[in-house]
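Here's the letter readout for the chains.
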Amino acid sequence: MTHQSNVTPEPLATGARPPMTHSLKTDPEVFAALRERRKSFEIRKDDRGFQVGDELLLVETEFSGAEMAAGAPLRSTGNVEVRRVTYILSGYGLEPGWVIMSVVPAWVAAL
């Protein structure tokens, strides 16, 4: 079980890395909830080593992942939302390698 918090990154610990920016494809329905501020979290496979302080560029896709798996093309709508990771949860019944990240609009994190 791993927990991370703090919007403003602390001085880097030995072996820690500076915050990164991750570009992530996001289904239209989920993107709409994020844009309307009804959704303040991301559930993702942690194949990028997400850390508190990282920036997420959430890119809306024209089709959902299920539609793309059925043959629809991968196309972006051009809409992007920028979020900063403020907390990361793993364990607690999540499949190994998956995390839930609390996120805030990047401009809020800068305040």
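Residues numbered from 1 in each chain as written. Predicted model: local features only at pLDDT ≥ 70, side-chain atom pairs only at ≥ 80, totals over all residues. Heavy atoms only, no water.

Tallying secondary structure elements over the protein gives three helices and six strands in all. If you list the helices and strands of the protein from N to C, you get β-β-α-β-β-α-β-β-α. Carbon together with sulfur atoms contributes 56% to the accessible area of the protein, which is approximately 6800 Å² in total. (Helix = DSSP H or I, 4+ residues; strand = E, 2+ residues; numbered from the N terminus. Areas by Shrake-Rupley, 256 points an atom, 1.4 Å probe, with all protein chains shown as cover.)

This part covers helix 1 (residues 28-35). All of the buried residues along helix 1 are Phe31, Ala33 and Leu34. Projection of helix 1 onto a plane perpendicular to its axis shows the buried side chains occupying an angular sector of 160 degrees, all on one side. Contacts made by the buried residues of helix 1 are with strand 2 (21-26), strand 3 (41-45), strand 4 (55-61) and strand 5 (76-89). Once helix 1 finishes, Arg37 follows within two positions and takes phi at roughly 65 degrees, a positive value. (Buried < 20%, exposed > 50% of the residue type's maximum accessible area, 1.4 Å probe, protein only. Arc of directions from axis to C-beta. Contact = heavy atoms within 4.5 Å.)

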